[in-house]
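Reading the structure
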Amino acid sequence: MNAFWIILTGTLVAICGGLLGAFLLLRKMSMVGDAISHAVLPGIVIAYLLSGSREVLPMLVGAAAFGVFATVVIEALYRKARLQSDAAIGITFTGLFALGIVLISLFAGQVDLDLDCVLFGEIAYVPIDVWITPGGINMGPRAVWVTGGLLVLVLAMIGIGYKGLLLTTFNPEHAASIGISVAFWHYLLMSAVSVTTVVSFESVGAILVVAFLIVPPATAYLLTNKLKPMLALTVLFGLGAAVGGYYLASWIDGSIAGAMSVVAGVFFTAALVAKHKR
Amino acid sequence: MTPIIETHNLTVSYNRRPVLWDVDFSLPEGRLIGIIGPNGSGKTTLLKSIMGLVQPDSGYVKLFGQSLDEVRTRISYVPQRESVDWDFPVSVREVVEMGRYRRANLLRRLSSADRDIAADALHKVGLQDFAKRQISQLSGGQQQRVFIARALAQQADLYLMDEPFAGVDAASEQAILQLLTEMKAASKTVLIVHHDLQTVRQFFDWIVLLNTHLVASGPVESAFTEDHLRQAYGGQLTILSKVADLVKERHFPVREKPYKDRP
Amino acid sequence: MSSFFSFSDPNVQMVTLGVMLLGAGAAIVGCFTFVRKRALVGDAIAHAVLPGICLSFMITGQKHPLWLLAGAVVTGWLSLLFMDYITHRTKLKADAAIGAVLSLFFGLGILLLTAIQHSGSAQQAGLDKFLFGKAASLTQQDVIVFGLTTLLVLLVVFTFFKSFKLLAFDRDFAHAIGLPVRLLEFVLSTITVLSVATGIQAVGVVLMAALLITPAAAARFWTDSMQRMTGLAAGFGIVAGFFGAFVSYTAPSMPTGPWIVLLLSAIAVISVLLAPRRGILARWLLQAENSRKMLAENILKSFFSLSAKKEAISEADILEARPFSVTGLGRGLRRLQRRGLVQQSAPRTWQLTETGQIESRRVVRLHRLWELYLSHKLGLPADHVHNSAEAMEHLLTPEVEQHLLEELEYPVLDPHDSAIPYDIKTDAP
């Protein structure tokens, strides 16, 4: 049963990350996703310090705030300070991530977070942290409910906003010419990435989220040239990475999150080889 | 008759350096209009400021005698082909159907009427057999025709096209030209950024000649003259480009108060 | 803390020196990473050395710095080749290639690292310092190996500085004049991987990108010269290294890397805000100066038109002629007074001094010249030229004025048939 909950959580995280990551990839903003996943850390720690617990809501607010803040800083460095975009991204996320780590080590006594958790999460503990209703009913692991809820939100956003995302991603100038706010869809996507990062944070850590944001969509992108099949394949590879990663990790007794990204990377490499042969 | 496009004292900067100075003209309806000028003369910037994609430092544009937001659905903008990633995973039909997207129907499915209009537009550019192809599997000229089909699907009255003839094979050029003639016959107005002087007389009946400022705007016969061409292509005005440098370097405003001369 | 600053412990001296050297090396190599717009590639390489270090430990069973360095260089180079292959041979763009390679290698590194930790090998303790850095845990042997490597890197940079600069600036031109571009790129990539592999001793793999990029980006704000930029970045790197050693010795439980990166970020923020010319503050000051200049010159223009009727002009007259704010007018008049352009003849009543008259004529002349230029050379109608001239009259330099005069052949009247005021001293038609 434990294996089931862990794999389910991994799958939910992988699907949320992958679906949003597909749009990041098509916008050539994969590394902005990477930057956001690092930059939310101080938000999480500050929310932790203020609320004194691992309540989901304050963490979401704190993380989303810092995620959007990071994109604003990157924009400002690029436009106002005229710094080239790769350096703007690099400076912003390393600075904010360093701030998060320093906060964690300064307040080690008050924050129940450690550096291992930041790096590769605690997905192995998912089955232990169960949600028990005030009536005393065991509802199963909390993380499954939270990531499940997130998946519903992400699916709703992509389902309802599909055309808006497609249009502003494919040709922002055309979108703007018919009066659609490119900035609105940009920040909607960035907020969704921030929220996904923080929800995934406990399971796979701040850094390996990026494996789910980038690798499954990149694999799918290699194999198809239609958007909807690309999204479907992304989901499939995310699922495969979660299942395969779990068993790889238990086989060599290592980090589950690390193993999940390795398996995602194996799919990616296989897709490259398949493409190369053809 | 109200002119279809009117610009008033339009001054626009790119990267804080003015690239268009006080451009003032009116264009009549139902013409094929070429925007002509050397590289860096502000042709694309002019098109983008008409479409509201860049903010002018001063001046304003009126379309159909109204502001852009009131008439947006009557205008279609065709950006340069390089403005999109042609590896993007969409099919030809999906791109053309984007021409039917509106603010109003953005969150709903396209109606079957919309799909028919898009299919019809694709037929008009002669690419109906390519509907299911992914867009990278087309030649440059075919890609340009996909863009034009998307614009046709918008069923606008005014079309703004940025270099639709750039890098296009002879067959596509003929096809596009044929479409333009039909559009003119249907009394549509088409404004085209163009860089090939050889074809100006053949393609257009009105031109706007630019060289960071307006050199001439008028019917081809009277505006496309040796004298005007020398003004447009004989190098930029030294003082004007020096002052543009100063504006950028000193972070100086182009107007004392922004938008002072708005209506 | 006192034991750190006294440097009485030779080990402290050596480690501190070593870490400063690593910081300088990474910052100098980082300048080329920066100008080649490969900041994020550097990030991916940094993450990719982790599996190399772990594999090296698993194979040799020990933490000898040479073996760890070798492992790091191998996987670091592999990640580079992988990224190159993806961007050149598939439709994936650079950012996705970087992200995919980064997460694949780092995931593998984490997997191996945790597997080593769980295996409970006695030697494994301390491998996790490669994640966030721990300067104080460097052994003498470490400092020797990594210090020498950094010296080698610096030697290569100084030898090939000009070629690298040309390569980064214009690869095609470098190729055209016969430089061995491929070889240079190989050397540059190798020293990048080497300085990443040594730099992680101080900051760890996760934040290594900052040690490469942030000093370079900060230095860029202060200078346009590649030499000076490299020197400045090296200075920032040295300061960062020193600070890292300090933190590491005074707070042994803290990881060093994040503190170093915070310091570097602070340097970057200061540079973005305060650097002369490119900094944001400098730009604000320039814009504020522009507004003050416009205000003062606009007051002078009001004097010019009002002086036609009378000499002493009251503040009420000026406010009637042009809608200044009362405080703005006061500020502008005081400024003009300080510069000796106006003098107070009675309370709230002013008149132009002689230089003030010359200056007011200059502004009006520039206004009218620009109007004439727009109407003659750009063919604008006379009623369209005023607004542009209102702003440009404050910007035009004496040099541009001279050009205008020559090109317009010392005109007498502006497009509205007003006389263009000349000074006998400056310009004689």
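Refer to the structure above for everything that follows.
Keep in mind it's a predicted model, so treat the numbers as computed, not measured.

Moving on to the overall build of chain C. Scanning chain C for helices and strands turns up 19 helices and three strands. On C-alpha atoms alone, chain C measures out to a radius of gyration of 32 Å, which is more than a quarter above the 22 Å that the 2.2 N^0.38 rule sets for 429 residues. Overall, chain C is about 100 × 55 × 35 Å in size when its C-alpha atoms are taken along their principal axes. Taken across its 429 residues, chain C has 58% of its residues classed as buried. Relative to all contacts within chain C whose residues are 6 or more apart in sequence, the contacts with residues 24 or more apart total 70%. With the model as given, the accessible surface of chain C reaches about 18,100 Å², and the carbon-plus-sulfur share is 63%.

Turning next to the packing of aromatic side chains. Counting across every chain of the model gives 20 aromatic pairs over all chains. Aromatic pair Trp 131 of chain A and Trp 145 of chain A: ring centres 5.4 Å apart, planes at 80°, arrangement edge-to-face. Of the two residues, Trp 131 of chain A sits in strand 1 (residues 130-132) while Trp 145 of chain A sits in helix 6 (residues 142-170), which places them 14 residues apart along the sequence. You can call Trp 131 of chain A partly exposed: its relative accessible area is 36%. Seen from their ring centres, Phe 237 of chain A and Phe 267 of chain A are 5.6 Å apart, and the 45° between their planes marks the pair as tilted. Highlighted residues: Phe 237 of chain A in helix 9 (residues 227-252) and Phe 267 of chain A in helix 10 (residues 256-277), separated in sequence by 30 residues. Here Phe 237 of chain A falls in the buried class, since its relative accessible area comes to 15%. Of the residues examined, Phe 267 of chain A reaches a relative accessible area of 28% and is grouped as partly exposed. Here the aromatic residues Phe 32, Phe 160, Phe 161 and Phe 164 of chain C are joined through ring pairs into a cluster of three or more. The cationic tip of Arg 74 of chain B hangs over the ring face of Phe 64 of chain B; the distance from NZ or CZ to the ring centre is 3.8 Å.

Right, let's talk about the interface of chain C and chain B for a bit. Contacts between chain C and chain B engage 30 residues on the former and 25 residues on the latter. In this assembly, chain C packs against chain B so that about 2,600 Å² is buried in total across both faces, 63% of it on carbon and sulfur atoms. For the chain C face of the interface with chain B, the top three residues by lost area are Leu 378, Asn 387 and Leu 395 of chain C, together amounting to 22%. Our count for the chain C to chain B interface comes out at four salt bridges. Joining chain C to chain B, the criterion identifies twelve residue pairs in polar contact (both at pLDDT 80 or more). Secondary-structure elements contributing two or more residues to the side of chain C that touches chain B are helix 14 (280-307), helix 17 (354-377), helix 18 (386-392) and helix 19 (398-407) of chain C. The element best represented in the side of chain C that touches chain B is helix 14 of chain C, accounting for six residues. Grouping the constituent residues of the side of chain C that touches chain B by class yields 13 nonpolar, nine polar and eight charged.

Empty space within the second largest pocket amounts to approximately 580 Å³. When contributions to the lining of the second largest pocket are tallied by element, the ones reaching two or more residues are helix 6 and helix 9 of chain A together with helix 3 (92-97) of chain B. Element by element, the count of residues in the lining of the second largest pocket is highest for helix 6 of chain A, at five residues. Partitioned by chemical class, the residues of the lining of the second largest pocket number ten nonpolar, two polar and ten charged.

Attention shifts here to the packing of helix 4 (residues 65-89) of chain C against helix 5 (residues 94-119) of chain C. Residue and element names in this part refer to chain C. Contact geometry of helix 4 with helix 5 gives a least axis separation of 9 Å together with a crossing angle of 145°. As for the relative orientation of helix 4 and helix 5, their crossing is right-handed in sense. Touching Thr 75, Leu 78, Ser 79, Phe 82, Met 83, Ile 86 and Thr 87 of helix 4 are Ala 94, Ala 97, Ile 98, Val 101, Leu 104 and Phe 105, all from helix 5. A breakdown of the residues in the contact of helix 4 with helix 5 according to their chemical character gives ten nonpolar, three polar and no charged.

What counts and what doesn't
Residues numbered from 1 in each chain as written. Chains lettered and ligands numbered in written order. Predicted model: local features only at pLDDT ≥ 70, side-chain atom pairs only at ≥ 80, totals over all residues. Heavy atoms only, no water. Helix = DSSP H or I, 4+ residues; strand = E, 2+ residues; numbered from the N terminus. Rg over C-alpha atoms; globule rule 2.2 N^0.38 Å. Buried < 20%, exposed > 50% of the residue type's maximum accessible area, 1.4 Å probe, protein only. Contact = heavy atoms within 4.5 Å. Areas by Shrake-Rupley, 256 points an atom, 1.4 Å probe, with all protein chains shown as cover. Phe/Tyr/Trp six-rings, centres within 6.5 Å; stacked < 30°, edge-to-face > 60°. Lys NZ or Arg CZ within 6 Å of the ring centre and 35° of its normal. Buried area = accessible area lost by both parts, 1.4 Å probe. Salt bridge = Lys/Arg side-chain N within 4 Å of Asp/Glu carboxyl O. Polar contact = N/O pair within 3.5 Å; in protein donor to acceptor, adjacent residues only side chain to side chain. Nonpolar A, V, L, I, M, F, W, Y, C, P; charged D, E, K, R; others polar. 1 Å grid on protein atoms, 1.4 Å probe; cavity = no way out; pocket = protein on both sides within 12 Å on 5 of 7 lines; lining within 4 Å. Points joined across faces, edges and corners; volume = space filled by probe spheres on them. Axes fitted to C-alpha atoms, helices over the stretch in contact; angles between N-to-C directions. Left-handed = near helix turned anticlockwise from the far one by under 90°.

Keep in mind these numbers describe shape, not what the thing actually does.
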